[in-house]
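Spelled out, the chains give:
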Amino acid sequence: MDDQLLEQFLQLIRRQTGISIRPQDRPQLTKKLLMRCRALDYRHPSQYLALLVNSESVAGQKEWQHLADLITTGESYFFRDHGQIKVLRESLLPDLIARHEGDRTLRILSAGCASGEELYSIAILLKELIPNPERWQLSLVGYDLSQNAVAQARAGVYSRWSFRGMNPTLQARYFQETAQGWVIDAALRQWVRFRCVNLLCPEDYDLLPASLDLIICRNVFIYFDSTAISQILRTFVSLLRPHGYLLTGHTELQGQEISPLEILSYPESVVYQLGIDPPVQPQPTPPPISALEEARADFAQRNYTRALALAQQWQAGHPKDEDCLLLMAQMYANQGRYAEAIATSQQILSVNPENVNALFLLAHIAEEQDDKATAKEYLRRIIFLSPNTVAAYIELIELHLSEQETDPIPSLLATAQMLLLQHHDRNEIIPFRQGVTVAMLQHYLTHIAATTFSKNTSNWPYLNGVTTQI
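Values in this document were obtained by computation on a predicted structure and should not be read as measured data.

Enquirer: Where do I start with the overall build of the chain in this structure?
Expert: Counting its regular elements, the chain contains 19 helices and ten strands. Based on the C-alpha atoms only, the size of the chain along its principal axes is roughly 70 × 60 × 45 Å. A total of 470 residues make up the chain; the buried ones form 49% of that total. In the chain, of all internal contacts separated by at least 6 residues, the share reaching a separation of at least 24 is 66%. Taken as a whole, the chain presents about 23,300 Å² of accessible surface, with 49% of it coming from carbon and sulfur. Positive and negative side-chain charges of the chain, numbering 40 and 51 respectively, have mean locations separated by a distance of 5 Å.

Given below as structure tokens:
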């Protein structure tokens with residue numbers, strides 16, 4: 001694999017997952033990428049890159065799950081890092097338990113939880129420290145990018161190797177040996193849940209602001225660049241309660257702006273704590289928020305029931321508001337209420353026949369219902385109304401490919417490439433493909449040309465900017 005192609009893989013992985021592959025790890029990454037190429041029977045890594053670029057397809061989503069397992073390190077074991085475990089056992093957890101004796105609630109997040117040993121270790125510490133834990137509401141959440149790791153954590157079954165840092169007495173107390181391995185105690189498992197989450201996507205967190213007492217994110221930030229660390233750190237701060245703690249790996253936040261966190265130094269580790277917020281100064285009363293703005297906010301949080309009620313309230317007084325109608329149609333579609341989504345989209349088009357967003361939604365619904373002919377008609381209508389809309393060309397190309405209709409593809413490919421070259425910078429992020437740059441999309445289109453029309457691609461004027469070698 002040449003350096004240019006490897007760099008495109010590195011950029012895409014960084015944008016999609018936040019993980020920055022270190023120079024010393026790149027040879028190993030190359031081996032893993034080539035291994036996946038062989039597994040998929042690809043002749044050239046550019047084909048694999050094209051698959052990853054098309055991350056919204058079913059095949060692309062599935063492959064990102066495979067790749068996440070390859071680029072993440074699942075190495076973990078119980079009571080790892082004795083120094084930080086000591087800080088947790090002797091200082092942080094006792095302080096939190098004392099603070100919450102009144103409400104008897106504790107909420108803890110393990111970010112980058114791997115196969116669950118870390119979070120179960122915290123559960124064991126709480127069981128040992130709280131006199132009557134059954135009277136408490138204990139919520140322990142583990143997030144990891146790897147679906148395989150999350151599946152193992154949910155199973156709660158471990159080999160002897162996972163206990164190399166654990167006191168045998170505790171192992172015997174909280175685990176039962178079976179033919180499959182050592183199984184975690186059921187009473188502890190009821191406190192713990194695990195989810196597959198990309199830490200760079202706070203919209204996927206199922207946690208409320210200011211709801212966590214402790215966030216543990218150890219040996220995770222070493223895989224992220226400074227920008228990604230800063231973004232995740234801001235999310236963590238927003239999730240902490242006053243006096244809540246953040247525990248990271250040693251020196252992982254060096255050079256970061258940690259305000260409003262305060263540094264607590266222990267002989268074994270550095271800990272970050274969110275102090276009490278300063279007194280709130282009286283602020284001018286903000287203007288009232290419209291029902292439509294509230295609906296948009298609820299829609300962003302996927303609270304569709306309330307968002308729809310607010311949108312309908314607004315629409316009653318503004319029957320021709322296209323933005324409100326489009327929001328309602330999107331909510332209907334997201335809930336699988338396609339008949340209502342189609343009717344509302346058609347209502348938009350009766351007000352404005354050139355509303356491209358409504359046409360896109362109708363195309364997506366038709367494709368979801370496997371009515372590809374109707375989906376193509378809507379996309380052609382978009383191109384007629386808005387000839388510079390690259391997304392319509394891309395989706396139309398992919399629909400034709402899915403039905404092995406090759407005749408319309410050359411002109412669509414050439415036009416899409418021309419628009420990309422004329423109107424976009426190569427490093428610009430494409431808004432309709434998460435984490436994909438213009439250069440990567442060009443590579444994807446060239447891959448389609450090279451694999452669909454193996455001959456005469458040299459005569460296509462806009463398909464020679466990226467190598468077509470396969």
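Enquirer: How should the pairing of strand 1 (residues 105-111) be read in this particular structure?
Expert: As a general feature of sheets, a regular strand has side chains that alternate between the two faces. Counting buried positions along strand 1 yields six of seven residues, so the element is predominantly enclosed. Here seven bridges tie strand 1 to strand 2 (residues 137-144), and the two strands are oriented parallel to one another. The residue of strand 2 that forms the bridge with Thr 105 is Gln 137. With three bridges connecting them, strand 1 and strand 7 (residues 212-217) associate as parallel partners. Bridge assignment links Ile 108 to a residue of strand 7, and that residue is Leu 214.

Enquirer: How should I be thinking about the packing of aromatic side chains in this particular structure?
Expert: For any pair of aromatic rings, the description consists of the separation of the ring centres together with the inter-plane angle of the planes. Evaluated as defined, the whole model comprises eleven aromatic pairs. Ring geometry for Phe 221 versus Phe 236: centroids 6.2 Å apart, planes at 45°, classification tilted. Linking Phe 221 in the loop between strand 7 and helix 10 (226-239) with Phe 236 in helix 10, this pair joins segments that are 15 residues apart in sequence. Through a chain of ring-to-ring contacts, the aromatic side chains of Phe 78, Tyr 120, Tyr 158, Phe 163, Phe 175, Trp 182 and Phe 194 assemble into a single cluster.

The rules behind these values
- Residues numbered from 1 in each chain as written.
- Predicted model: local features only at pLDDT ≥ 70, side-chain atom pairs only at ≥ 80, totals over all residues.
- Heavy atoms only, no water.
- Helix = DSSP H or I, 4+ residues; strand = E, 2+ residues; numbered from the N terminus.
- Buried < 20%, exposed > 50% of the residue type's maximum accessible area, 1.4 Å probe, protein only.
- Contact = heavy atoms within 4.5 Å.
- Areas by Shrake-Rupley, 256 points an atom, 1.4 Å probe, with all protein chains shown as cover.
- Lys, Arg positive; Asp, Glu negative; His and termini not counted.
- Charge placed at Lys NZ, Arg CZ, Asp CG, Glu CD.
- Pairing = 2+ DSSP bridges.
- Phe/Tyr/Trp six-rings, centres within 6.5 Å; stacked < 30°, edge-to-face > 60°.

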